[in-house]
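Structural overview for review
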Amino acid sequence: MRYEQRAYAHVKFLELMAELYENEFEDFFHRLMCSRYPDFLDVRTAGSKGDMSADGLTLHSRKLYACYAPQTVKVSKIRAKFTSDLAGAMAKRRDQFDTFVFVHNDRRGVHPEVSGMLSTAAASTPSLRFEQMGSRRLWQECMQLDQLAAEDVLRCEIPIKEMTFGVGMEDLEPLLKQLQDIRREPDPLMPLPDVPIEKLDFNRLEGADREDLLRGMRQSHLVDAFYDGTMRELEHDEVAQGFRVYYEQVRGEWHDPEDVLWQLKMYILGNAQPRPKVLRAALVVLAHFFERCDIFEAPPAGWQPEIGLSA
């Protein structure tokens, strides 16, 4: 899908997340996972057996999914649901899964209670892995569907006509706002972080694109400061995964590094013309994920640039 189609699909996805609860949310989850994974089993209830404490299973990755999508979030009910689903899965399906995934519809991210329960469960049950799957990860799965599958999952037609979107990933808006508020032009003499310049050469990033990323690297530590030491650390990992997924897609569609970087800028900002300070903030974000190797490729060991490439 083109950028405009992905952006339109994202709008429709967010609309669904705002209105799907309980069984309707579970139906959406089943449609999505069946479209993405041939080995996904959309477990239904069966009389007195119910669903045996699983809303879905993957055969190869051996993951068990438990959905919780209430209209009103109450901490006591979150804890009761998590505890009940985990205990039931352990009692009825222990030989069928190695990872327990708690799926929820909270658009704001991971509820503190959920993160605490996952951490406690992981410590007390070392034989299992634990994950959560909220709106960010659900969208990452949607983003990898082709157009026909996405239309089926989202229950809408995705138009081909060009449209303008002034916002890319809304999850990045708080970060961009903070970078705009505190950002000043970096000291040109400030040393660059420990990122091999060879990565720029290997990915053939030259000219203005190269200079933009180098300037952004001098302030990319501000992105770490935004995420570090708070409950945002899990969000940081999810945002990074979103960049990886999107990069892999656009790399398959665009072969010129300049075009790939252009697509990644739209991923953050939309395709409308941004204000200069918003664009500068976005370049800091791109530089951060470039340094982490979430976007673009790291050169293989021993690789040397061709003579004539800038250092």
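Up top is the structure.
Structural notes, computed from the coordinates. (Residues numbered from 1 in each chain as written. Predicted model: local features only at pLDDT ≥ 70, side-chain atom pairs only at ≥ 80, totals over all residues. Heavy atoms only, no water.)

Let's talk about the overall build of the protein chain
Along its length, the protein chain carries 13 helices and five strands. Per-residue burial over the protein chain gives 50% buried out of 311 residues. Taking the intrachain contacts of the protein chain between residues at least 6 apart in sequence as the baseline, contacts between residues at least 24 apart amount to 75%. Carbon and sulfur atoms provide 51% of the accessible area of the protein chain, an area that totals close to 15800 Å². (Helix = DSSP H or I, 4+ residues; strand = E, 2+ residues; numbered from the N terminus. Buried < 20%, exposed > 50% of the residue type's maximum accessible area, 1.4 Å probe, protein only. Contact = heavy atoms within 4.5 Å. Areas by Shrake-Rupley, 256 points an atom, 1.4 Å probe, with all protein chains shown as cover.)

Here's the deal with the sheet that holds strand S2 (residues 56–58)
Reading across from one edge, S1-S2-S3-S4-S5 is the order of the five strands in this open sheet, with mixed pairing throughout. At either end of the open sheet lies a strand with only one pairing partner, and these are strand S1 (40–41) and strand S5 (129–133). Bridging between strand S3 (residues 63–68) and strand S4 (residues 99–104) involves six bridges; their strand directions are parallel. Of the residues in S4, the one forming a bridge with leucine 64 is phenylalanine 100. Contacts from helix H3 (residues 75–93) reach S2, S3, S4 and S5, with the element oriented near 150° to S3. (Pairing = 2+ DSSP bridges. Axes fitted to C-alpha atoms, helices over the stretch in contact; angles between N-to-C directions.)

Concerning H3
Under the 1.5 Å per step criterion, the end-to-end length of H3 is 26 Å for 19 residues, consistent within 8% with the ideal 27 Å. For H3, every residue scored as buried is listed here: Ile78, Phe82, Asp85, Leu86, Gly88, Ala89 and Arg93. Across the axial projection of H3, the buried residues extend over an arc of 165°, all falling on one side. Counted as exposed and oriented over 90 degrees from the buried face of H3: Ser76 and Ala91. Where H3 is buried, its residues contact S2, S3, S4, helix H4 (112–124) and S5. (Expected span 1.5 Å × (residues − 1). Arc of directions from axis to C-beta.)

A look at the packing of aromatic side chains
Each aromatic ring pair is described using two quantities: the centre-to-centre distance and the angle formed by the ring planes. Considering all chains together, one arrives at 17 aromatic pairs under this definition. Pairing phenylalanine 13 with phenylalanine 28 gives two aromatic rings, centres 6.2 Å apart and planes at 50°, and the pair type is tilted. With phenylalanine 13 in helix H1 (residues 3–19) and phenylalanine 28 in helix H2 (residues 22–36), this residue pair connects regions lying 15 residues apart in the sequence. With a relative accessible area of 1%, phenylalanine 13 lands in the buried category. Members of the aromatic cluster, each reached through a chain of ring pairs, are Tyr68, Phe82, Phe100, Phe102 and Phe130. The side chain of arginine 94 reaches across the aromatic face of phenylalanine 97, ending 5.6 Å from its centre. (Phe/Tyr/Trp six-rings, centres within 6.5 Å; stacked < 30°, edge-to-face > 60°. Lys NZ or Arg CZ within 6 Å of the ring centre and 35° of its normal.)

A look at the nonpolar core
Ranked by size, the top nonpolar core spans 70 residues in total, and within it Phe28, Phe243 and Ile268 carry the most contacts. Broken down by element, the residue count for this core peaks at 10 residues, all from helix H13 (residues 276–291). Sequence-distant contacts of phenylalanine 243, defined by excluding residues within four places in its chain, comprise Leu172, Leu264, Tyr267, Ile268, Val285, Leu286, Phe289, Asp294 and Ile295. Ranked by size, the runner-up nonpolar core spans 19 residues in total, among them Leu57, Leu64, Ala66 and Leu86. (Core = buried A, V, L, I, M, F, W, Y, C linked by side-chain atoms within 4.5 Å.)

A short note on unusual backbone geometry
Here glutamate 22, not a glycine, exhibits a phi torsion of approximately 50°, which is positive. Following the sequence through the fold, glutamate 22 ends up in helix H2. The backbone phi angle of cysteine 293 is positive, close to 70°, even though this residue is not glycine. With a relative accessible area of 38%, cysteine 293 lands in the partly exposed category.

Topic: the environment of serine 61
Relative to the helices and strands, serine 61 resides in the loop between S2 and S3. Measuring from C-alpha to C-alpha, the distance between serine 61 and phenylalanine 40 comes to 9.5 Å, with 21 residues separating the pair along the chain. A distance of 2.6 Å separates polar atoms of two side chains, one belonging to serine 61 and the other to threonine 58. (Polar contact = N/O pair within 3.5 Å; in protein donor to acceptor, adjacent residues only side chain to side chain.)

Focus: the pairing of S5
Summarising the sheet, S4 and S5 pair through five bridges and their orientation is parallel. Directly across from phenylalanine 102, in S5, lies its bridge partner glutamine 132. Traced from S4 through H4 to S5, the parallel crossover comes out right-handed. (Right-handed = clockwise from strand over helix to strand, strands pointing away.)

Quick word on the packing of helix H9 (residues 207–217) against H13
Where H9 contacts H13, the two axes come as close as 8 Å, and the packing angle between them is 85°. The orientation of H9 relative to H13 falls into the category roughly perpendicular. Contact residues: Asp212, Leu213, Gly216 and Met217 in H9; Leu283, Val284, Leu286, Ala287, Phe290 and Glu291 in H13. Across the contact of H9 with H13, the residue classes tally to seven nonpolar, one polar and two charged. (Parallel < 35°, antiparallel > 145°, perpendicular 65-115°, else oblique. Nonpolar A, V, L, I, M, F, W, Y, C, P; charged D, E, K, R; others polar.)

Focus on the environment of arginine 280
Tracing the backbone shows arginine 280 in helix H13. You can call arginine 280 partly exposed: its relative accessible area is 33%. Sequence spacing of arginine 280 and leucine 176 is 104 residues, and the spatial spacing of their C-alpha atoms is 9.4 Å.

Regarding H1
The terminal C-alpha atoms of H1, which comprises 17 residues, lie 25 Å apart, in line with the 24 Å expected from a rise of 1.5 Å per residue. Buried within H1 we find Tyr3, Glu4, Gln5, Arg6, Ala7, Ala9, His10, Phe13, Leu14, Leu16 and Met17. On the buried face of H1, the contacting elements are H2, helix H5 (135–142), helix H6 (147–154), helix H11 (232–253) and helix H12 (257–269).

Interpretation in functional terms is not warranted from these geometric data alone.
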